[in-house]
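Remarks on the overall topology
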Amino acid sequence: MLETIAKRERDFGTPASTSTDMVQVTIDGTDMQVPAGTSVMRAAAEAGINIPKLCASDNLEAFGSCRLCLVQIEGRRGYPASCTTPVEAGMVIWTETPKLHELRRNVMELYISDHPLDCLTCPANGDCELQDMAGVVGLRNVRYGFEGANHLNDAADESNPYFTYDPSKCIVCSRCVRACDEVQGTFALTITGRGFDSRVTAGQHDTFLGSDCVSCGACVQACPTSTLMEKSVIDMGQAEHSVITTCAYCGVGCAFKAEMKGQEVVRMVPWKDGQANRGHSCVKGRFAWGYATHEDRMLKPMIRSDIADPWREVSWEEALNYAASEIKRIQAEYGRNAVGGITSSRCTNEETYLVQKLVRAAFGTNNVDTCARVCHSPTGYGLKTTLGESAGTQTFDSVMFTDVVIVMGANPSAAHPVFASRLKRRLREGAKLIVIDPREIELVNSPHIKADYHLPVRPGTNTAVLTAIAHVIATEGLIDEAYVAERCEPLAFQQWRDFVSLPENSPEATEAETGVPAADLRGAARLYARPGNSAIYYGLGVTEHSQGSTTVMAIANLAMATGNLGREGVGVNPLRGQNNVQGSCDMGSFPHELPGYRHISDDTVRGQFEKDWGVTLQPEPGLRIPNMFDAALSGSFKALYCQGEDIVQSDPDTQHVAKALSSMECIIVQDIFLNETAKYAHVFLPGSSFLEKDGTFTNAERRVSRVRKVMEPKGGMADWEVTCALSNALGYPMNYSHPSEIMDEIARLTPTFEGVSFKKIDELGGSVQWPCNADAPEGTPTMHVDQFVRGKGKFMITKYVPSDERSTRRFPLLLTTGRILSQYNVGAQTRRTANVLWHGEDLLEMHPQDAEDRGIRSGDMVAIQSRSGETVLRADVTTRVQPGVLYTTFHFPESGANVVTTDSTDWATDCPEYKVTAVQARLVTEPSQWQAKWSRFSDIQMKLLAQRKQGAAAAEPAEPAKPGTPKAPVEPVVAAARVLSPTE
């Protein structure tokens with residue numbers, strides 16, 4: 001049912017009424033009941049009667065401008081617009097009469113009189129609402145427009161790389177403007193002029209590229225003509241079939257229709273029935289999918305015995321056999337724990353599950369970890385400890401029932417823009433907002449949105465701020481005593497209450513340390529704790545700290561103390577960064593946990609997997625990612641299988657990571673591009689994009705959504721097939737025929753996934769939220785409704801411990817990092833799209849005071865140095881950051897942001913402290929030494945790639961040299977590759 005669908009989904013014209021009161025009306029002689037407040041247009045549509053329309057859409061409020069949807073209502077004068085007319089009890093409505101036909105034809109004739117009559121060559125031909133409505137109303141003749149002024153020669157705006165604005169086709173229906181306002185919340189478009197001069201304008205008569213437009217595509221989706229049209233459709237023509245799938249960018253998990261011509265994507269259209277995105281999208285998911293067919297894609301398996309050697313293209317069989325033989329050799333020489341694997345938060349649940357199974361069952365070790373280690377591992381620890389489950393508590397829709405929202409350490413507008421649009425809609429409706437962030441993010445002050453409180457916390461002091469908020473709640477009688485008494489452990493609560501009530505935890509006592517004015521903090525605490533629904537949404541600005549786990553527990557404490565868990569509109573909501581970071585954790589990617597967050601040391605749980613897998617599993621946890629690096633440098637960890645992660649660019653202390661990889665004897669990288677990590681690899685296995693595979697992703701709201709293959713894997717195999725083949729080469733059989741069988745195994749072994757299957761997901765409309773089992777056969781939208789998963793909620797003491805990364809005379813500034821809207825994570829995907837037009841390099845944000853002290857202006861090259869290293873970035877002098885704080889992104893490898901970040905980590909989970917790095921900044925005129933070495937090393941690796949040998953005539957791979965064996969003389973470029981690895 002979901003595989004192939006019509007291009008244009010059913011549109012009811014106006015939003016559904018939320019009223020529970022029903023009224024009876026008669027439409028074209030048929031009696032029916034509809035909710036009070038329903039428009040006549042929607043009531044008719046629900047009865048299967050489609051009233052002609054152009055300005056109406058059921059994701060926008062009724063507007064009533066096109067006058068095409070006129071109806072006749074008995075007892076009323078005139079012919080009202082059905083979109084703006086609500087039903088009334090006893091109303092008798094006629095949608096088809098001779099007079100209505102005449103009026104509609106006349107209206108349509110006026111539209112067409114100032115519209116190009118080029119339907120056969122128009123890119124919207126066959127997918128144009130204006131064309132459709134002209135046919136519906138029976139327009140056969142146009143009497144006007146042959147003389148006088150018109151808009152037929154208006155110039156098109158081609159500035160946006162993804163879509164064209166052609167005003168000659170515009171009927172001024174305002175749908176694009178309303179979509180920008182109501183759906184996206186950017187307010188970048190407006191109607192300028194009056195009457196004949198009315199026109200859609202971006203910004204203050206800017207181009208689309210030069211305006212505030214964020215290229216979310218809402219205007220393009222809303223346009224009923226070809227005025228706003230994707231350039232891909234203009235170039236390729238209309239698609240001939242479509243497939244529903246899930247976006248592979250952030251943790252929102254938007255559902256899309258991949259509109260196809262054969263195996264070519266024509267466009268990605270947000271699916272109206274997508275339960276995570278409700279038909280909305282952002283610039284990345286909507287438009288930045290071209291990386292999947294980029295010329296940089298690596299499509300052939302390759303091997304080499306040393307990173308100073310050119311690559312050799314080989315068959316899949318040879319590459320997999322070579323990789324397996326190296327794993328076996330290293331384990332025979334160094335022990336079975338000398339190898340390990342890293343799962344991907346970009347791959348599917350099924351693929352991630354197979355990688356951790358490969359490591360545990362085929363490698364025979366628990367040395368498996370995931371990138372969630374370096375982003376949201378404190379979420380898992382903190383929420384598991386306090387509430388009993390390592391995941392967020394709500395749906396994204398829940399925010400529409402919220403009265404007070406705290407956004408902490410997150411910038412949804414940049415990192416989770418589709419959720420941000422929904423949040424902003426709720427804020428425009430009157431919800432209150434508290435932002436806790438060192439920077440003035442977009443939500444603090446933007447069109448029609450202004451935070452009630454912005455608490456500009458000093459980096460590293462999150463725990464102190466939240467404990468001070470708890471102090472106000474505890475000492476001012478704002479605790480929900482009845483909720484706590486019923487739902488929480490009494491002793492732990494009393495200990496927590498006594499702790500937070502201490503004078504040293506008051507806003508006044510902590511103000512000097514946190515930088516947050518005591519009065520603002522008290523006001524924010526009272527606002528959050530007031531009666532009603534309050535929700536907390538947080539991101540990596542909470543978790544990526546030395547006290548990340550403590551801060552997550554402090555958030556849970558606040559929610560429990562105020563009774564804001566277990567219903568719509570409340571909750572603790574981690575905003576997951578990557579598309580499947582939640583799923584990678586769910587699937588057992590941590591070295592101490594099997595799928596479903598069950599500890600490897602539990603004999604009963606381990607026994608279930610041993611029986612199903614037919615192996616004996618180690619009962620002791622394996623190495624975490626940082627431990628793998630340390631063990632590699634000490635000589636005991638020698639081989640790594642890394643699927644879909646670029647740890648050299650994304651992990652902290654880049655030089656330490658590079659040294660660790662350089663010390664290994666076999667690195668197997670499976671990816672779609674030769675990324676920074678692959679430059680240190682000995683085996684490269686081509687990966688597959690989300691368009692080339694079947695499976696599921698799990699988003700930040702625990703929503704398991706289907707990923708559907710729309711094209712064959714360009715490298716020959718999907719990622720899950722590669723892992724199976726490697727396991728088979730190692731001698732452990734994996735013989736699945738389809739990812740649905742893998743999910744069936746996951747469900748068989750994981751209680752929270754017990755009821756999940758591809759069939760169930762399809763039956764429920766494309767997704768299901770875990771837990772899904774006998775107790776919740778259709779999933780669990782809201783967690784902890786009647787009781788917490790752990791039984792009674794557990795309050796935890798959250799004593800503030802200052803970070804070791806503190807301002808000093810040598811390093812007086814604090815660097816924090818984050819993301820920007822147009823780019824994604826390490827940029828491997830988005831840098832290979834037109835998104836680079838908005839953000840072509842990582843910039844260093846610096847407050848004017850700090851810049852003036854150092855003689856720095858915007859655009860200058862600035863060296864930032866920490867105890868780990870130094871890199872150089874261009875300055876962006878701005879008041880978005882506070883004095884003493886610097887900010888940058890990490891989307892470009894040449895920037896080296898993680899050369900500067902240190903080995904400081906969360907006390908419980910080893911999550912790196914990306915958000916607090918003590919640095920010094922100074923004006924320079926050239927790149928850093930590390931950047932110069934990186935550039936040379938990268939150039940050499942690309943030359944070695946270009947020199948790769950192909951085909952069966954290539955020489956056989958050399959036997960790996962034993963430690964201490966001198967190498968034969970090599971070409972200069974090869975020698976340089978060995979000594980210029982940028983690790984010093």
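Residues numbered from 1 in each chain as written. Predicted model: local features only at pLDDT ≥ 70, side-chain atom pairs only at ≥ 80, totals over all residues. Heavy atoms only, no water.

When you go through the chain residue by residue, the secondary structure sums to 31 helices and 36 strands. Against the compact-globule benchmark of 30 Å for 984 residues, the chain has a radius of gyration of 29 Å, which places it among compact chains. Taking contacts inside the chain between residues at least 6 apart in sequence as the whole, the part at least 24 apart equals 73%. A total of about 35300 Å² of accessible surface is found on the chain, and carbon and sulfur atoms cover 50% of it. (Helix = DSSP H or I, 4+ residues; strand = E, 2+ residues; numbered from the N terminus. Rg over C-alpha atoms; globule rule 2.2 N^0.38 Å. Contact = heavy atoms within 4.5 Å. Areas by Shrake-Rupley, 256 points an atom, 1.4 Å probe, with all protein chains shown as cover.)

We now examine the pairing of strand 32 (residues 843-846). Inspection of the sheet shows strand 32 paired to strand 34 (residues 870-877) by four bridges, in the parallel sense. Each residue of the ladder has a partner; that of M846, found in strand 34, is V877. Sheet topology note: the strand 32/strand 35 (residues 885-889) ladder contains three bridges and is antiparallel. Bridge pairing links E845 to Y887 in strand 35. (Pairing = 2+ DSSP bridges.)

Turning next to the state of the cysteines. Counted by the stated rule, this structure contains zero disulfides. The thiol of C219 is unpaired, and the distance to the nearest cysteine sulfur, on C213, comes to 5.6 Å. Lacking any disulfide linkage, C642 is separated from the closest cysteine sulfur, that of C371, by 9.9 Å. (Disulfide = S-S within 2.5 Å.)

A word on the packing of aromatic side chains. Scanning all chains against the criterion turns up 19 aromatic pairs. Geometrically, the ring pair formed by Y162 and W838 is stacked, given 6.1 Å between the ring centres and 20 degrees between the ring planes. Linking Y162 in the loop between helix 3 (129-136) and strand 5 (163-165) with W838 in the loop between strand 31 (813-818) and strand 32, this pair joins segments that are 676 residues apart in sequence. Here the aromatic rings of F396 and F419 are separated by 5.4 Å at their centres, their planes lie at 40 degrees, and the arrangement is tilted. Taken together, the residues span a long stretch of sequence, with F396 in the loop between helix 10 (377-386) and strand 16 (404-408) and F419 in helix 12 (residues 417-428) at a distance of 23 residues. The same class applies to F396 as to F419, namely buried. Cluster of aromatic residues (ring-pair linked, three or more members): Y162, F163, Y165, F208, F287 and W838. (Phe/Tyr/Trp six-rings, centres within 6.5 Å; stacked < 30°, edge-to-face > 60°. Buried < 20%, exposed > 50% of the residue type's maximum accessible area, 1.4 Å probe, protein only.)

Attention now moves to the packing of helix 13 (residues 462-475) against helix 16 (residues 507-514). Two numbers describe a pair of packed helices, the interaxial angle and the distance between the axes. Where helix 13 meets helix 16, the closest approach of the two axes is 10 Å, and the angle between their N-to-C directions is 165 degrees. With respect to their mutual orientation, helix 13 and helix 16 come out roughly antiparallel. Helix 16 is crossed by helix 13, and the crossing has left-handed handedness. Between helix 13 and helix 16, the contacting residues are A464, V465, A468, H471 and V472 on the first element and P507, T510 and T514 on the second. Of the residues that constitute the contact of helix 13 with helix 16, the class distribution is five nonpolar, three polar and no charged. (Axes fitted to C-alpha atoms, helices over the stretch in contact; angles between N-to-C directions. Parallel < 35°, antiparallel > 145°, perpendicular 65-115°, else oblique. Left-handed = near helix turned anticlockwise from the far one by under 90°. Nonpolar A, V, L, I, M, F, W, Y, C, P; charged D, E, K, R; others polar.)

It is worth spelling out the sheet that holds strand 30 (residues 767-769) at this point. Reading across from one edge, 28-29-30 is the order of the three strands in this open sheet, with antiparallel pairing throughout. A single partner strand is all that each edge strand has here, and the edge strands are strand 28 (695-698) and strand 30. Each strand axis lies, on average, 30 degrees off the axis of its neighbour in the sheet, ignoring direction. In this structure, strand 28 lies alongside strand 29 (residues 703-707), joined through four bridges in antiparallel fashion. Paired with F697 across the bridge in strand 29 is S705. Packing against the sheet, helix 9 (residues 349-363) makes contact with strand 28 and strand 29, and its axis sits at approximately 90 degrees to strand 28.

So, on to helix 25 (residues 719-730). The end-to-end C-alpha distance of helix 25, which contains 12 residues, comes to 17 Å, matching closely the 16 Å that a straight helix rising 1.5 Å per residue would cover. Three or more residues of helix 25 are buried, namely D719, W720, V722, T723, C724, L726, S727 and L730. On its buried side, helix 25 packs onto helix 8 (316-334), helix 9, strand 25 (639-643), strand 26 (666-671), strand 27 (683-686) and helix 26 (739-749). Phi for G731, located one or two positions after helix 25, is positive at around 100 degrees. (Expected span 1.5 Å × (residues − 1).)

Here we have three strands laid out as an open sheet, ordered 9-10-11, and antiparallel in their pairing. Only two strands of the sheet have a single neighbouring strand rather than two, namely strand 9 (241-246) and strand 11 (264-270). Here the average twist between neighbouring strands, direction ignored, is 30 degrees. Here six bridges tie strand 9 to strand 10 (residues 255-261), and the two strands are oriented antiparallel to one another. Its bridge partner being in strand 10, S242 is matched across the sheet by E259.

So, on to the pairing of strand 33 (residues 861-865). Note that strand 33 and strand 34 share five bridges and pair antiparallel. Each bridged residue has a counterpart across the sheet, and for I864 the counterpart in strand 34 is T871. Relative to strand 36 (residues 917-924), strand 33 runs antiparallel, the two being bridged by five bridges. Directly across from I864, in strand 36, lies its bridge partner A921.

So, on to the environment of A255. Tracing the chain through its elements places A255 in strand 10. With relative accessibility at 10%, the residue A255 sits in the buried group. For the pair A255 and Q275, spaced 20 residues apart in sequence, the C-alpha to C-alpha distance is 7.7 Å. Not counting the four nearest positions on each side in its chain, A255 is found in contact with T245, V269, P270, W271, G274 and N277.

What follows is about the confidence of the model for the chain. Looking at the chain as a whole, its pLDDT mean stands at 93, while 96% of the residues score no less than 70. Counted against residues more than four places away or in other chains, residues 1-6, with its pLDDT under 50, gives 19 contacts. Of the regions scoring below 50 in pLDDT, residues 951-979 engages in 36 contacts with residues more than four places distant in sequence or in other chains. (pLDDT = per-residue confidence, 0-100.)

Two side chains bearing opposite charge may form a pair once their charged atoms approach each other closely. This structure, assessed with the given rule, holds 58 salt bridges. A salt bridge links E88 to R76, with the nearest nitrogen and oxygen atoms 2.9 Å apart. Here R76 lies in the loop between strand 3 (72-73) and strand 4 (92-94) and E88 lies in the loop between strand 3 and strand 4, a separation of 12 residues in the sequence. The exposure class of E88 is partly exposed, given its relative accessible area of 44%. (Salt bridge = Lys/Arg side-chain N within 4 Å of Asp/Glu carboxyl O.)

On to the environment of G869. Among the structural elements, G869 can be located in the loop between strand 33 and strand 34. Owing to a relative accessible area of 12%, G869 belongs among the buried residues under this scheme. Taking the C-alpha atoms as reference points, G869 and V183, 686 residues apart in sequence, are found 44 Å from one another. Once you skip the residues sitting within four places of it in the chain, G869 turns out to touch Q655, I864, V899 and V900.

A few words now on the nonpolar core. Counting 69 residues, the largest nonpolar core has F163, F208, L228 and L433 as the members making the most contacts within it. Of the residues forming this core, the biggest block, four residues, is contributed by helix 12. Leaving out residues up to four positions away in the same chain, L433 has contacts with V405, V407, L427, L443, I449, A451, D452 and Y453. (Core = buried A, V, L, I, M, F, W, Y, C linked by side-chain atoms within 4.5 Å.)

It is the contact of helix 13 with helix 17 (residues 518-529), at a shortest axis distance of 9 Å, that shows an interaxial angle of 65 degrees. Between helix 13 and helix 17, the angle is such that the two are roughly perpendicular. Considering the relative orientation of helix 13 and helix 17, their crossing is right-handed. Across the interface between the two elements, V465, A468, I469, H471, V472 and I473 of helix 13 pack against L521, R522, A525, R526, Y528 and A529 of helix 17. In the contact of helix 13 with helix 17, the residues fall into nine nonpolar, one polar and two charged.

Here the focus is the side chain of T26. Inspection of the secondary structure assignment puts T26 in strand 1 (residues 22-27). At 2.6 Å, the side chain of T26 forms a polar contact with the side chain of D31. (Polar contact = N/O pair within 3.5 Å; in protein donor to acceptor, adjacent residues only side chain to side chain.)

To continue, consider the side chain of S82. Along the polypeptide, S82 turns up in the loop between strand 3 and strand 4. With residues up to four places along the chain from it excluded, the contact list for S82 reads S39, V40, M41, I51, C69 and V71.

Below, the discussion takes up unusual backbone geometry. Among all residues except glycine, the phi angle is most often negative; among peptide bonds, the trans geometry is most common. Between W770 and the following residue, P771, the backbone shows a cis peptide bond with an omega angle of 5 degrees. Along the polypeptide, P771 turns up in the loop between strand 30 and strand 31. If you check the backbone angles, R278 has positive phi at about 50 degrees while not being a glycine. Residue placement: R278 occurs in the loop between strand 11 and helix 7 (283-287). By relative accessible area, which is 43% here, R278 ends up partly exposed.

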